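What follows is each chain in one-letter form.
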Amino acid sequence: DAGSKSGRGALVILEGLDWSGKSSQCARLLSYLEGQGCRAEGWRFPDRGTSVGQMISAYLANESQLDDRTIHLLFSANRWEKRALMESKLLGGTTLIVDRYSYSGVAFSAAKGLDIQWCKAPDVGLIAPDLVIYLDVQPEKAAERGGYGGERYEKIEFQKRVADHYHSLRDSTWKVVDGSLPMETVEEQLRELATNCIQKCQEKPLTNLTW
Ligand code: TMP
Ligand code: MG
């Protein structure tokens, strides 16, 4: 039983390159968990619904230009503006399946050449994830997917640098899943990882991200 009625919810993050299949897998995982009677919500960053999120969205669509550090801080602010709600959901027993988090923040900005420590600093104090699932897909494979190239960072050379930075961010909370496997196989692996995580962290206190 993946239910989390007694303890807190889990913070489960999906990370990966653009068009690695995160969003589809988040949706599949969410409906599975709900079907198991688990209280869960799907979130994503950037959250384009806030006013900060709208600035980010315009930047990604190349409708506005922003300094590299400015946009980095906006992405971080977009997570900070959701921190209180995130905490209350988790403490109230709701598991959050989140499409991108601080690792995207660091990997994408560092791929532009910004200092990694500088990139990490603004996210210190956000809630630390219980599990980070990295969907591993070759940049060339992701580029074959329909819709690729529509937003600012969707270029193979850039995504290769992002992948290198993701690699250097891996820690003990990370699980790498081969995103080039059939969708159902990936889905099965995610179900197992998430279910284990939800069970394990019910009695664990929430902690803050320290990197
Ligand atoms: P999305 O396609 O998942 O909505 O993400 C939009 C783009 O924003 C994607 O190329 C990754 C990038 N990104 C950052 O550069 N920094 C961040 O902090 C986040 C959350 C996303
Ligand atoms: Mg995208």
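Residues numbered from 1 in each chain as written. Chains lettered and ligands numbered in written order. Predicted model: local features only at pLDDT ≥ 70, side-chain atom pairs only at ≥ 80, totals over all residues. Heavy atoms only, no water.

> Run through the site of ligand 1, naming residues and quoting values.
Around ligand 1, 13 residues are found, and the nearest of them are D18, R48, R79, R100 and G105. One nitrogen or oxygen atom from the side chain of R48 is found 2.8 Å from an oxygen atom belonging to ligand 1. In the environment of ligand 1, an oxygen atom lies 2.8 Å from a nitrogen or oxygen atom belonging to the side chain of R79. Contact with the protein chains removes 94% of the 480 Å² of surface that ligand 1 exposes when unbound. Elements with a contribution of two residues or more to the shell around ligand 1: α3 (68–80) and α5 (102–110). Per-element accounting of the shell around ligand 1 gives the leading share, three residues, to α5. Residue classes in the shell around ligand 1 are distributed as six nonpolar, two polar and five charged. (Near = heavy atom within 4 Å. Polar contact = N/O pair within 3.5 Å; in protein donor to acceptor, adjacent residues only side chain to side chain. Areas by Shrake-Rupley, 256 points an atom, 1.4 Å probe, with all protein chains shown as cover. Helix = DSSP H or I, 4+ residues; strand = E, 2+ residues; numbered from the N terminus. Nonpolar A, V, L, I, M, F, W, Y, C, P; charged D, E, K, R; others polar.)

> Outline unusual backbone geometry, supporting the account with residue identities and numerical values.
Geometrically, the link from F45 to P46 is a cis peptide bond, its omega value of 0° lying close to zero. Its identity is not glycine, yet W211 carries a phi of approximately 70°, on the positive side. A relative accessible area of 31% means that W211 is categorised as partly exposed. (Buried < 20%, exposed > 50% of the residue type's maximum accessible area, 1.4 Å probe, protein only.)

> Can you tell me about the sheet that holds strand β3 (residues 95–99), naming the residues and giving the values?
Spatially, β2-β3-β1-β4-β5 is the arrangement adopted by the five strands of the open sheet, whose pairing is parallel. Looking at which strands have only one partner, the edges of the open sheet turn out to be β2 (40–44) and β5 (174–178). Each strand of the sheet is rotated relative to its neighbour by a mean of 20°, with strand direction disregarded. (Pairing = 2+ DSSP bridges. Axes fitted to C-alpha atoms, helices over the stretch in contact; angles between N-to-C directions.)

> Explain the nonpolar core to me, using residue names and the numbers behind them.
Side chains of a nonpolar character, in soluble globular proteins, are inclined to be buried together. Ranked by internal contacts, the top residues of the largest apolar core, which has 36 residues, are L11, M86, Y101 and Y166. Elements represented by at least two residues in this core include exactly β1 (11–16), α2 (51–60), α3, α4 (83–91), β3, α5, β4 (131–136) and α8 (156–169). Looking at this core, the element that brings in the most residues is α8, giving five residues. Ignoring anything within four residues of it in the chain, the contact list for Y101 reads L11, I13, E15, F45, R79, M86, L126, I127 and P129. A10, L29, V177 and I198 belong to the second-largest nonpolar core, a separate cluster that totals 20 residues. (Core = buried A, V, L, I, M, F, W, Y, C linked by side-chain atoms within 4.5 Å. Contact = heavy atoms within 4.5 Å.)

By themselves, these are just geometric observations and shouldn't be taken as functional.
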